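# Examining the three-dimensional arrangement
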Amino acid sequence: MSTARFDDFTTVDWVDDGAKEHQRQQKKQRHASRGIYEASVSWGVVVAVGALIGINTAMISIVTEWLSDLKLGVCRGAWWLNEEFCCWQQEQQNNSSCDQWATWDQLLVGTHVGVVRWAAFVAIGTGVAAACAWLVREYAPMAAGSGLPEIKATLSGYAVRGFLGGWTLAMKSVGLAMAVASGLSVGKEGPAVHMGCCVGNVVSRNFAKYRESAARRREIVSASAAAGVAVAFGAPIGGVLFSLEDLSSRFPRKTLWRSFLCALVATVSLQAMNPFRTGKLVMFQASYDRDWHFFEILFFVIIGVFGGVYGGLCIRLNLRVAALRKQHGATVGAVREVAGLALATTAVTYANQFTRKDMGELLGGLLQECRPASADRLCAPAQAPAVAWALLWATAIRSIGTVLAYGCKVPCGIFVPSMAIGASFGRMLGTLVQMAHRAHPKWSLFAHCAPDTPCITPATYAFLGAAAAMSGVTKVTVAVVVIMYELTGAINFIVPTMLVVMVAKVVGDLFIAGGISEQLMLLNGLPFAEEPDDQPELLGKSVVALMHTDIHALPAGPLPPAQLQAVLDASASAGIRGFPVVDNLHDMRLVGYVSRTSLTAELASLSSSAPTTRVMLGGSLTPSALSDDIAFDVPSASVVSLAHVVNTSPVTVRPRTSAETAADIFRKLGPRIILVTSEDAGQLVGLLTRKDLLKYVRSSHNIDS
């Protein structure tokens, strides 16, 4: 467990933020018109964010499809069209050939040459991936990866500057289309959540109620995350549940309603754009007419076990790859690493029909039921053994590619790659079971199958395999079941889906606890408030063993403004964001706590004050209350009170308070800092921050390990 990136994140004080929000609400109640305006702003921002997320996702899908097909060929006379739109008219006329679409061997040498097609596929895929890595490295390094670990840290009360900015959004959108189309074993569904949160932040920060309130920003970021998942899978309810189950550490009812509306608007916007011209929200939507049989539960359990084994191994191996990347990344270079991965991936995947396709397209084909007279190779009985072998190889190749590619310095997700891997295995298993039924229809295992009708539907095995693999790698259960239902509308398969997801979760937990996002947070040293409830590192420990005793406290005053400003300037490099206020630096009796931001703003307003002006941070102007540390003799009329910016009731504990109690306070109340006072006189003896507690837990865990 690392704490390497703790200093990159600033901690949000939810207690202080809540107090400011309460004051703002009181002002709003005195002005009815302002209350109506703010309510309309809240809902208007949610609608605008949802619409923009849907439009952005549609544009990325269109560009991704074009770039993906560009590896195979180009449309004559209309280079901006992908293969499907290029051949749209011929398909409408039931024409099997498409003269408008030309493969690269036809364009370059005038005839069919497989080596030329392979070389073009590899060269274009590698070039697009390298260009993507260069753009991300030069213009928005925070756009790399999926962004889910950082989103979880942000929603739990830690913020990093620029992570949700407009430039990150632009590079994430452009880079994601390039990364997915290049042929790397990455998906766009995880980064869709990051892009959604960027849209929410960029839009909401134009309004004071969101700009000045961290709780409000968290609300809109949670709603944006739900919308990002919704458009990624075409599952608005599943998106809301995913944000609730996996991303958000706090999800009140108001956030639930805002998330529901945002996901709905985003989905409707995507539907209106209709990027695939099929009426589908995503390429892999499907529907099933057939039911399942009770004896198939045996095979469903096998699928669930595979999902758990895949998830556990994928997480463990990817963590090792990530550790090697951190150790040798500077030597290899991000662009060279991505180019090498793309070169190896495209060179290998071209030979297999199922790995050559974009993973969204592959998933769509695997999830489709076979119809009578279908010409698809998946549906030809004579091709079943070859298809099973090809799917097995596709499962192995994509698994290796996903382990190596996830986490490289391009926008990349793991949801759809995992679903495609699970679907490949499920379809293979379903094909084998179907072959067994065709060869031995009289077996007692198939006694419940009706004669002369299809008994086994391999597409449903692919559907369940996709759910199992996704749950195995993310450790999400309820949201995955709902997402899969929304993708297919197969209410008859709710129980099998729940079964495979639960088996995958249980088996996956035997390999490693927590999903891949949580493990990457620990590896990369990201702060996260929702540490496991059972923290043996804190047992028997008291706050006195964890607290800081080198305290930068301010006397209540009166003090010259210049001296306070000097204290602020001297402590800026140490990252101190607030100061305990004490009666004087000798007795150290606690008066309150003041934030750097509030104190800086007040001192700025006193910049033109008289030289004799003194500042009082608390207490009264009686001689007994004055600081023993500053000698002065000025009339009380020149003393300016700043007591209104001092929090006189900060969260305090005693030195003998258990560390577990402090952890509960941080988790449930959300203060950034806890002040430690003596048992009797209220003397300030130390302080403890949320990051201090997390650092102690993780460092102790490393020592024990």
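Before any of the text, the structure's been laid out above.
Below is a summary of the structure that appears in this document. (Residues numbered from 1 in each chain as written. Predicted model: local features only at pLDDT ≥ 70, side-chain atom pairs only at ≥ 80, totals over all residues. Heavy atoms only, no water.)

Our focus in this paragraph is the side chain of T477. By the element assignment, T477 lies in the loop between α20 (458-474) and α21 (478-488). What makes T477 buried here is its relative accessible area of 18%. When near neighbours in sequence (up to four residues on either side) are disregarded, T477 contacts E245, S471, V501 and K505. (Helix = DSSP H or I, 4+ residues; strand = E, 2+ residues; numbered from the N terminus. Buried < 20%, exposed > 50% of the residue type's maximum accessible area, 1.4 Å probe, protein only. Contact = heavy atoms within 4.5 Å.)

Here we come to the environment of L341. Inspection of the secondary structure puts L341 in helix α15 (residues 334-349). Setting aside anything within four residues of it in sequence, one finds L341 in contact with L184, L404, A405 and C408.

What follows covers the packing of aromatic side chains. For the structure on display, the rule yields 14 aromatic pairs. Residue placement shows R356 over the ring face of Y350; its charged tip is 4.6 Å from the ring centre. (Phe/Tyr/Trp six-rings, centres within 6.5 Å; stacked < 30°, edge-to-face > 60°. Lys NZ or Arg CZ within 6 Å of the ring centre and 35° of its normal.)

It is worth spelling out empty space enclosed by the protein at this point. Under the definition given, this model contains five cavities of 30 Å³ or more. The space that makes up the largest cavity amounts to roughly 250 Å³. Around the largest cavity sit 25 residues that line it, and S61, K188, E189, A232 and F284 are the ones nearest its centre. Going through the elements one at a time, α2 (32-70), α8 (166-181), α9 (189-204), α11 (214-233) and α17 (359-366) are the ones with two or more residues in the lining of the largest cavity. With five residues, the single largest contributor to the lining of the largest cavity is α2. When grouped by side-chain class, the residues that make up the lining of the largest cavity number 16 nonpolar, five polar and four charged. (1 Å grid on protein atoms, 1.4 Å probe; cavity = no way out; pocket = protein on both sides within 12 Å on 5 of 7 lines; lining within 4 Å. Points joined across faces, edges and corners; volume = space filled by probe spheres on them. Nonpolar A, V, L, I, M, F, W, Y, C, P; charged D, E, K, R; others polar.)

Let us look at the state of the cysteines. Applying the stated criterion across every chain, the model contains three disulfides. Each disulfide pairs two cysteine sulfurs, and for C75 the partner residue is C86, the sulfurs being separated by 2.1 Å. The S-S bond linking C75 to C86 shows a torsion near 75°; that makes this disulfide right-handed. With C75 in strand β2 (residues 73-75) and C86 in helix α3 (residues 83-86), the pair connects residues that are eleven residues apart, well separated along the chain. (Disulfide = S-S within 2.5 Å.)

It is worth spelling out the pattern of salt bridges at this point. Following the criterion strictly, the structure yields 13 salt bridges and no others. R117 is paired through a salt bridge with D105; the nearest N and O atoms lie 2.6 Å apart. Of this pair, R117 sits in helix α6 (residues 114-139) while D105 sits in helix α5 (residues 104-108), and the two are twelve residues apart along the sequence. Since its relative accessible area comes to 0%, D105 is described here as buried. Ionic pairing is found between E518 and K152, a salt bridge with its closest N-O pair at 3.2 Å. (Salt bridge = Lys/Arg side-chain N within 4 Å of Asp/Glu carboxyl O.)

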